[in-house]
Amino acid sequence: MRWTLMFVGLAVGCAPLATARMGLVDQARSGLAKVGAARVERTALVEELSKLRHDRLDEAFDADVRDRGSLSADWVIEHRRAYGAGLAALAEADAASRAADAATESNLSAIDAALGRIKWLDEMESRYSVPWADLGQ
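Everything numeric here is computed off the predicted structure, so don't read it as measured data.

**Q** Provide a residue-level description of the overall build of the chain, including the pertinent values.
**A** When helices and strands are tallied, the chain shows three helices and zero strands. Seen in sequence order, the chain has helices and strands lined up from the N terminus as α-α-α. Scored against the burial criterion, the 137 residues of the chain give a buried share of 19%. For the chain, long-range pairs separated by at least 24 residues make up 87% of all intrachain contacts whose partners lie at least 6 apart in sequence.

**Q** I'd like a description of the pattern of salt bridges, backed by residues and values.
**A** Using the criterion set out here, one finds six salt bridges in the structure. Across the salt bridge formed by K119 and D26, the nearest N and O atoms sit 2.6 Å from each other. Placement of K119 in helix α3 (residues 73-127) and of D26 in helix α2 (residues 14-68) is noted, with a sequence separation of 93 residues between them. Judged by its relative accessible area of 35%, D26 is partly exposed.

**Q** Can you tell me about the side chain of D101, naming the residues and giving the values?
**A** Following the sequence through the fold, D101 ends up in helix α3. Within the structure, the side chain of D101 is placed 3.0 Å from the side chain of T43, a separation counted as a polar contact. Beyond its immediate stretch of four places on either side in the chain, D101 contacts R39 and T43.

**Q** If you had to explain α3 to someone new, which residues and values would you point to?
**A** Between its terminal C-alpha atoms α3 stretches 80 Å, which fits the 81 Å expected from 55 residues at 1.5 Å a residue. For α3, every residue scored as buried is listed here: W75, H79, G86, L90, D94, S97, D101, L108, L115, K119, D122 and M124.

**Q** Could you give me a rundown of the packing of aromatic side chains, with the residues and numbers involved?
**A** The full count for this structure, using the stated rule, is one aromatic pair. Both rings, one in F61 and one in Y83, keep their centres 4.8 Å apart while their planes meet at 35 degrees; by these two values the pair is tilted. Of this pair, F61 sits in helix α2 while Y83 is found in helix α3, placing the two residues 22 residues apart along the sequence.

Calculation notes
- Residues numbered from 1 in each chain as written.
- Predicted model: local features only at pLDDT ≥ 70, side-chain atom pairs only at ≥ 80, totals over all residues.
- Heavy atoms only, no water.
- Helix = DSSP H or I, 4+ residues; strand = E, 2+ residues; numbered from the N terminus.
- Buried < 20%, exposed > 50% of the residue type's maximum accessible area, 1.4 Å probe, protein only.
- Contact = heavy atoms within 4.5 Å.
- Salt bridge = Lys/Arg side-chain N within 4 Å of Asp/Glu carboxyl O.
- Polar contact = N/O pair within 3.5 Å; in protein donor to acceptor, adjacent residues only side chain to side chain.
- Expected span 1.5 Å × (residues − 1).
- Phe/Tyr/Trp six-rings, centres within 6.5 Å; stacked < 30°, edge-to-face > 60°.

Nothing here speaks to function; it is all geometry.
Written as structure tokens, this is what we have:
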């Protein structure tokens, strides 16, 4: 008997609380969608910036060659190494950016999944709460 009364006491008012929490979850998921859209835009900007950096490195190397006039074998080897180091640095920066973007996407997906579970639990709580509990309010 005591357990029954405790259950009824806990069930009173649970449905409105669950409904409010479901609304908050929906708002949080909407915010996540906006963050996801901003992430897509940022990724496009980062890719464009990377392309511009590659183009500037190519242009700088070309300008060095044109300004040099006569090219010695040592000069070509030295500048090829410098150009290669520049390409490697750009590739490393690109890889770090892609890894950060992948981590962000994974985190956003995990947050969305957790919010989905919370909403499901709240739906179950709302569905199986005592229907007559709100009559006294």
